[in-house]
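# Residue-level structure breakdown
Residue strings, one per chain:
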Amino acid sequence: MRTYSASQTLKKTLRTKRRKRKTHQVVQNEESEVITFDAMCNACGKEAVCNMKEVQIPFFKKILLMANICDHCGFKDTEVKSAGGISEKGQRITLKMTDSDMDLDRDILKSETASVNIPELDVQLTCGALGGRFTTIEGLLNQVKDQLESINPFTLGDSSSESSAGKMSAVIQGIQDIIDHKKLVELIVEDAAGNSYIQNVYAPDDDPNLTIEEYERSAEDNDNLGIADMKTEDYEDDEAS
């Protein structure tokens, strides 16, 4: 009979529990119907259809799932937006990967205002890159890799300098190594609006490998969010006067 160490038993138990409850990570709001409206296709510019529904992420908040479909060119795209407003403070979420099976399978919500940073690979996607996404860590890494390959086609070709081509290839290979369970890294999601999320696999208990920090937004952050000139206090007094 095969025996397991204490750490192996814990990891196996966590994976078993997560498989059992994986389908419950997104709870649909039954009162929220799917809303369908006309939109413009991002690929061909013609009229497309957008389906939108509000869902609840356990231990987080409500989000809007949107799927765009174009009957003209066949383009399909999905995007996620927060159903709430901007949080009072910015948020920095740090995940220290310790187990590829468990960590790559974590749910992650990257809002359109969030940046993604992998210090070990010197990779940083600024806010706005990839838009809003609700996927897994593995799914996000695949999207980051595809993004790097698509926006830097010449960097990977013969026309680029040897140093830049080598650096970009190393970064993409590093991301692939994470996906292939060959590398454990630190993943940082920073969101000035506080609308991003990485799944706590130990919930409702604290996750020892997940750190959530709140920070005061800078004037530049507020300007980028479009709230720099918004007055949120005593505005009723100003209107009365």
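Residues numbered from 1 in each chain as written. Predicted model: local features only at pLDDT ≥ 70, side-chain atom pairs only at ≥ 80, totals over all residues. Heavy atoms only, no water.

### Here's the deal with the overall build of the protein
Scanning the protein for helices and strands turns up six helices and 13 strands. The 241 residues of the protein split such that 37% are buried. Accessible surface, the protein: about 14,500 Å² in total, of which carbon and sulfur atoms supply 48%. (Helix = DSSP H or I, 4+ residues; strand = E, 2+ residues; numbered from the N terminus. Buried < 20%, exposed > 50% of the residue type's maximum accessible area, 1.4 Å probe, protein only. Areas by Shrake-Rupley, 256 points an atom, 1.4 Å probe, with all protein chains shown as cover.)

### Thoughts on the side chain of Ser-100
With respect to the element layout, Ser-100 can be found in helix H2 (residues 100–104). Ser-100 has contacts with His-181, Lys-183 and Leu-184, leaving out every residue within four places of it along the chain. (Contact = heavy atoms within 4.5 Å.)

### Comments concerning the environment of Ala-39
In this fold, Ala-39 is placed in strand E2 (residues 35–40). Separated by 30 residues in the primary sequence, Ala-39 and Ile-69 place their C-alpha atoms 9.0 Å from one another. In contact with Ala-39, other than residues within four places in its own chain, are Lys-46, Glu-47, Ala-48, Cys-50 and Asn-68.

### Some words on the pairing of strand E6 (residues 90–96)
Most of E6 sits inside the fold, with five of its seven residues counted as buried. Across six bridges, the pairing between E6 and strand E13 (residues 210–215) is antiparallel. Looking at the pairing, Ile-93 lines up with Ile-212 of E13. Alignment of E6 against strand E11 (residues 186–191), held across six bridges, turns out to be antiparallel. Its bridge partner being in E11, Leu-95 is matched across the sheet by Leu-187. (Pairing = 2+ DSSP bridges.)

### Points about the sheet that holds strand E7 (residues 107–110)
Across the sheet, three strands lie side by side as E10-E7-E12; this open sheet has antiparallel pairing. The open sheet is flanked by strand E10 (133–136) and strand E12 (197–198), the only strands paired with a single partner. As paired elements, E7 and E10 share four bridges and run antiparallel to each other. Paired with Ile-108 across the bridge in E10 is Thr-135.

### Here we look at the confidence of the model for the protein
Note: predicted coordinates in regions of low pLDDT should not be interpreted at a detailed level. Of all residues in the protein, 77% have pLDDT values of 70 or greater, and the mean over the chain is 80. Throughout residues 26–30 the model reports pLDDT below 50, and contacts reaching past four residues in sequence, or to other chains, amount to 13 contacts. Per-residue pLDDT stays below 50 along residues 153–160; that stretch engages in 11 contacts with residues further than four places along the chain or on separate chains. (pLDDT = per-residue confidence, 0-100.)

### Some thoughts on the environment of Thr-113
Take Thr-113: it is sitting in the loop between E7 and strand E8 (114–118). You can call Thr-113 partly exposed: its relative accessible area is 22%. In this structure, the C-alpha to C-alpha distance between Thr-113 and Leu-225, residues 112 residues apart in sequence, is 7.9 Å. For Thr-113, the contacting residues outside a window of four places in its chain are Cys-127, Glu-190, Asp-191, Ala-192, Ala-193 and Leu-225. There is a polar contact of 2.9 Å between the side chain of Thr-113 and the side chain of Ser-111. There is a polar contact of 2.5 Å between the side chain of Thr-113 and the side chain of Asp-191. (Polar contact = N/O pair within 3.5 Å; in protein donor to acceptor, adjacent residues only side chain to side chain.)

### Looking at the nonpolar core
Of all hydrophobic cores here, the largest spans 29 residues; its most connected members are Leu-141, Val-144 and Ile-175. Those elements that provide at least two residues to this core are E6, E8, strand E9 (123–125), helix H3 (137–151), helix H4 (162–179) and E11. In terms of residue count, H4 provides more of this core than any other element does, six residues in total. Not counting residues within four places of it along the chain, the set of residues in contact with Leu-141 comprises Leu-104, Ile-118, Ile-175, Ile-178 and Ile-179. (Core = buried A, V, L, I, M, F, W, Y, C linked by side-chain atoms within 4.5 Å.)

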